[in-house]
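Read off the chains here:
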Amino acid sequence: MTKEDMKSRGNNRSQQPTSSAFREFIGEDWGPRVSTVERSEVADYLAARHQLVSERFPGERLVIPAGGYKVRNNDCDYRFRAHSAFAHMTGLGAELEPDAVLVLNPVEGGHEATLYFHPCAPRTSEEFYADSRYGEFWVGARPTLEEMSTMTGLRCDSSDNLSDALSKDLGKGQVSLRVVPQSDARIESQVQELREREQIAEGAEEADAELSEALSEIRLRKDAWEAAEMQKAVDRTREGFDNIIASFPRALSHHRGERVVEGAFGAKAREEGNGLGYDTIAAAGNHANTLHFIDNNGPLEAGQLILVDAGIEVDSLYTADITRTLPVSGTFSDAQAEVYQAVLDAAERALAEAQKPGCKFRDVHAAAMEVVAEHLEKWGALPGTAAESLLPENQWHRRWMPHGTSHHLGIDVHDCALARKEMYLDAELEPGMCFTIEPGIYIREDDLKVPERYRGIGVRIEDDILVTETGAIRLSESIPRTIADVEAWIRSINA
């Protein structure tokens with residue numbers, strides 16, 4: 001089968017008019033477009049971000065694609081979300097801007113940024129009515145070059161000129177190329193072809209990985225605008241948890257009550273943000289002891305706890321990451337309260353550690369583990385003392401908390417994941433760093449090493465933390481977390 005045959009077969013549902021008379025008619029008598037585009041607040045912060053990456057790669061051309069649509073099934077795509085490095089370096093959030101590419105071109109004293117994208121087409125073009133990917137009739141009016149430049153503060157150009165821009169002065173001891181890997185296969189292939197043509201492909205994979213590493217590391221410290229977006233995401237997430245609690249009466253009567261809870265949060269995520277920052281975990285009863293339980297297909301039963309791990313991603317693509325473990329009937333049982341308080345104690349110890357000058361990221365986890373081990377010793381679950389369990393050669397307590405206590409947070413839920421160990425785990429906490437504190441204790445219902453009264457209880461408490469000049473603060477301070485406050489919260493919403 002030829003390419004033409006395949007193309008014809010792919011268009012076998014098309015009933016679009018193709019006559020020249022129609023094309024002329026549909027392009028006539030449209031009023032002028034009225035632009036409402038204004039300069040975004042984040043535009044003032046982009047130059048500093050570009051400078052940070054520019055310092056790592058002087059004299060090199062850096063290519064940062066947004067990526068394109070991903071196929072969900074057949075001819076249906078997922079909603080577009082730009083590659084996080086692109087979003088951070090352009091300030092473009094929501095569903096902006098598929099197939100765009102930011103190029104940092106080396107100039108004297110640093111780099112000049114140019115955003116290449118597919119601008120709005122005239123209404124006299126076939127694209128206007130016939131192109132389901134870019135056409136205004138299909139996806140709405142796209143920004144013009146002038147509008148995009150106004151919004152971002154960046155120099156903008158049509159993607160038609162990208163190829164020439166990438167190849168200019170390439171090789172021969174002049175300019176080299178780096179591209180963000182796993183961002184856009186089409187652009188990555190184009191870059192690789194240029195490298196091979198100019199015989200500069202050696203070491204390309206390592207070079208591209210270094211670029212991703214650098215783009216990840218510069219997000220370790222949030223600027224003032226990012227910190228405000230993080231607070232916004234947390235505040236919206238609090239509203240989502242209010243929705244969750246309000247859904248409990250219906251969830252208790254539904255055969256898939258966990259889905260009712262998931263849907264209640266998801267509705268608020270779309271109403272008040274771009275959507276979910278990640279798939280919601282709504283794990284009732286023993287399901288809470290499966291760390292990434294996203295099936296959410298079980299019922300809620302009176303007297304159970306439900307562990308909800310959820311975050312709203314705001315339009316800028318910054319996301320919160322909050323976990324609360326809630327009694328669906330409104331009050332904790334004695335055994336549930338014991339486990340919950342143990343986790344809360346661990347969270348408080350971890351935050352206290354983060355407040356100390358010179359605290360390293362890994363110290364936050366160590367502090368939480370001390371408390372977890374102490375409680376497990378008290379319950380008779382350990383084969384020795386808490387101190388013995390904390391030794392590297394033992395770690396018995398990790399049976400009940402196998403994950404880390406913290407991860408960086410921002411434009412990705414696990415932000416800065418490509419950063420070097422010395423920049424992440426081994427780094428001292430610095431102002432602008434944003435991370436979670438999320439200890440947990442997970443006791444499966446068939447775990448014979450713990451007293452029977454605790455079996456089937458899983459608890460995690462997760463808050464979002466920002467390091468400031470005066471110490472580490474909880475951005476999620478307004479989301480109730482003590483036993484008394486959680487019970488009062490549920491009563492107030494479902495009164």
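In this text the structure is predicted, and so the values were computed from the model without any measurement.

A. Region of interest: the overall build of the chain. A count of helices and strands for the chain gives 16 helices and 17 strands. Seen along its three principal axes, the alpha-carbon backbone of the chain occupies a region of about 80 × 55 × 50 Å. Looking at the 495 residues of the chain, the share that counts as buried comes to 52%. In the chain, of all internal contacts separated by at least 6 residues, the share reaching a separation of at least 24 is 71%. For the chain, the exposed surface amounts to about 23300 Å²; the carbon and sulfur share of it is 48%. Taken as two groups, the 53 positive and 85 negative side-chain charges of the chain have centres that lie 2 Å from each other.

B. Seen up close, the pairing of strand E17 (residues 471–474). In this sheet, E17 lies alongside strand E16 (residues 463–468) in antiparallel orientation, the contact comprising 4 bridges. Among the inter-strand pairings, Leu466 is bridged to a residue of E17, identified as Ile473. Where E16 folds back onto E17 in an antiparallel hairpin, the turn is made up of 2 residues.

C. Examining the packing of aromatic side chains more closely. Applying the stated criterion to the full structure yields 11 aromatic pairs. Between Phe22 and Tyr129, the ring centres sit 5.1 Å apart and the planes meet at 85°, which makes this aromatic pair edge-to-face. Taken together, the positions of Phe22 in helix H2 (residues 20–26) and Tyr129 in helix H5 (residues 127–130) put the pair 107 residues apart, joining distant regions of the chain. Classification of Phe22 as partly exposed rests on a relative accessible area of 24%. Ring geometry for Phe332 and Tyr340: centres 4.8 Å apart, planes at 50°, overall tilted. A relative accessible area of 9% places Phe332 in the buried class. Here Tyr340 falls in the buried class, since its relative accessible area comes to 0%. Every member of this aromatic cluster is reached through a ring pair, and the members are Trp30, Phe128 and Phe137.

D. Representation of unusual backbone geometry. Residue Glu97 follows Leu96 across a cis peptide bond; omega there is 0°. Position of Glu97 relative to the elements: it lies in the loop between helix H4 (84–90) and strand E4 (101–107). A positive phi is found at Asn296, a non-glycine position, where the angle reads about 50°. Looking at the element boundaries, Asn296 is found in the loop between strand E9 (281–284) and strand E10 (305–310).

E. Layout of helix H16 (residues 483–493). The set of residues buried in H16 consists of Ile483, Val486, Glu487, Trp489 and Ile490. The buried residues of H16 occupy one face: seen down the axis, they fall within an arc of 155°. Of the exposed residues in H16, those oriented more than 90 degrees away from the buried face are Ala484, Arg491 and Ser492. Buried residues along H16 sit against helix H11 (224–252), strand E12 (322–327) and helix H13 (334–354).

F. A look at the sheet that holds strand E7 (residues 176–179). Strand order in the open sheet formed by 5 strands is E6-E5-E4-E1-E7, with mixed pairing between adjacent strands. Edge positions in the sheet fall to strand E6 (155–158) and E7, since each has one partner strand and no second. Taken over all neighbouring pairs, the strand axes of this sheet differ in orientation by 25° on average, direction set aside. Bridging between strand E5 (residues 110–117) and E6 involves 4 bridges; their strand directions are parallel. Across the sheet, the residue bridging to Tyr116 is Asp157, located in E6. Set on the sheet, helix H10 (residues 204–217) makes contact with strand E1 (60–65) and E7; between it and E7 the angle comes to about 60°.

G. Molecular detail of the environment of Asp131. Along the chain, Asp131 turns up in the loop between H5 and helix H6 (136–139). Along the backbone, Asp131 and Ala94 are 37 residues apart, and their C-alpha atoms lie at a distance of 22 Å. Look past the residues within four positions of Asp131 in its chain and what remains in contact with it is Glu126 and Trp138. In this structure the side chain of Asp131 is engaged in a polar contact, spanning 2.8 Å, whose partner is the backbone nitrogen of Arg133. From its side chain, Asp131 meets the backbone nitrogen of Tyr134 in a polar contact 3.1 Å long.

Basis of the calculations
Residues numbered from 1 in each chain as written. Predicted model: local features only at pLDDT ≥ 70, side-chain atom pairs only at ≥ 80, totals over all residues. Heavy atoms only, no water. Helix = DSSP H or I, 4+ residues; strand = E, 2+ residues; numbered from the N terminus. Buried < 20%, exposed > 50% of the residue type's maximum accessible area, 1.4 Å probe, protein only. Contact = heavy atoms within 4.5 Å. Areas by Shrake-Rupley, 256 points an atom, 1.4 Å probe, with all protein chains shown as cover. Lys, Arg positive; Asp, Glu negative; His and termini not counted. Charge placed at Lys NZ, Arg CZ, Asp CG, Glu CD. Pairing = 2+ DSSP bridges. Phe/Tyr/Trp six-rings, centres within 6.5 Å; stacked < 30°, edge-to-face > 60°. Arc of directions from axis to C-beta. Axes fitted to C-alpha atoms, helices over the stretch in contact; angles between N-to-C directions. Polar contact = N/O pair within 3.5 Å; in protein donor to acceptor, adjacent residues only side chain to side chain.

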